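What the coordinates show
Here's the letter readout for the chains.
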Amino acid sequence: MSNQAFEKNALARNFSGAAKHYDAWATAQAEIASGLAHRMDRREPALMVDLGCGTGLLSALLLERYPKASLVGLDLAEGMVEACRKRWAAIDRARFVVGDAEDPACLVRGADLVACSCVAQWFGNPTGTLRMWAETLAPGGILACAFLIQGSFVELESAYHQAFQACFQGLRLWKAETAHDLGKAAELSVLHCEEESILARYDSARAALRSYKQIGAVFQGQPGHRPLGPTQMRRLLACYEQQASRQGRVTVTHRVQYFIAEKPR
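Residues numbered from 1 in each chain as written. Predicted model: local features only at pLDDT ≥ 70, side-chain atom pairs only at ≥ 80, totals over all residues. Heavy atoms only, no water.

All right, on to unusual backbone geometry then. One non-glycine residue, Q165, lies in positive phi territory at about 50°. Q165 sits in the exposed class, given a relative accessible area of 60%. For E187, which is not glycine, the phi torsion reads 55° and is therefore positive. Tracing the backbone through its elements, the reader meets E187 in the loop between α8 (178-185) and β7 (189-202). The exposure class of E187 is exposed, given its relative accessible area of 61%. (Buried < 20%, exposed > 50% of the residue type's maximum accessible area, 1.4 Å probe, protein only. Helix = DSSP H or I, 4+ residues; strand = E, 2+ residues; numbered from the N terminus.)

Spelled out as structure tokens, the structure:
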């Protein structure tokens, strides 16, 4: 599966700009990272890689779970990497690098664990990229991923369709069966594959939409992106508010697939 062609410099700017307030808004992402970490094997790896490490939500869990392992965090956004470097400045076994996970020059060969959480949807070629990393694993190495799959962001899609009688042109999230196709293509043994819905709740539709921007998950600067004007935004917000609960809260659904697979020894 290939995704739309992202302009990587724009992605890096958007996520770097969100680094300072990312953790305060990324409640669903934190829950998903925790869900992935707790599904991992207790076997202690020697070398771990966190693809798209962001501010280190998953990295922190991996370093805690595997106290003897070394970790390399890789992210396209310099602001995110700098946040990690400051947080773990005194820890020798953690190293954070600015780089593109889709670039073969950034590969870390011989890792015992390659992990990513809520990242693959930003890859231009998710299956090809993850297969590339799987091939570099040490024998018996683990690929552990939390994927956002179809069924995510249904509230926004529904509100957009109601407001404009058109489909929301967002991320092209993959189907649940795509992970199994990845496992077969990379000749991995699937150890765990499970789906879950994680809900983030907000006091208003405006706050729900703002949450995307606050974590950098926006299309600003991307080819063909047309931001909504004030009138269009008011219409979208009004339709989104119609989905509010009796308590006046609105949700953002994250449909997650936890996928853990092993390279043959």
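Let us look at the packing of aromatic side chains. Scanning the entire structure with this criterion turns up eight aromatic pairs. When the ring of Y160 is compared with that of F164, the centres are 4.8 Å apart and the planes differ by 65°; the resulting orientation is edge-to-face. With Y160 and F164 both in helix α7 (residues 154-164) and four residues apart, this pair spans about one turn of that helix. With respect to burial, Y160 and F164 carry one shared label: buried. Cation over ring: R39 sits above Y258, and NZ or CZ is 3.9 Å from the ring centre. (Phe/Tyr/Trp six-rings, centres within 6.5 Å; stacked < 30°, edge-to-face > 60°. Lys NZ or Arg CZ within 6 Å of the ring centre and 35° of its normal.)

So, to be careful, I would describe these as geometric facts and stop short of saying anything about function.
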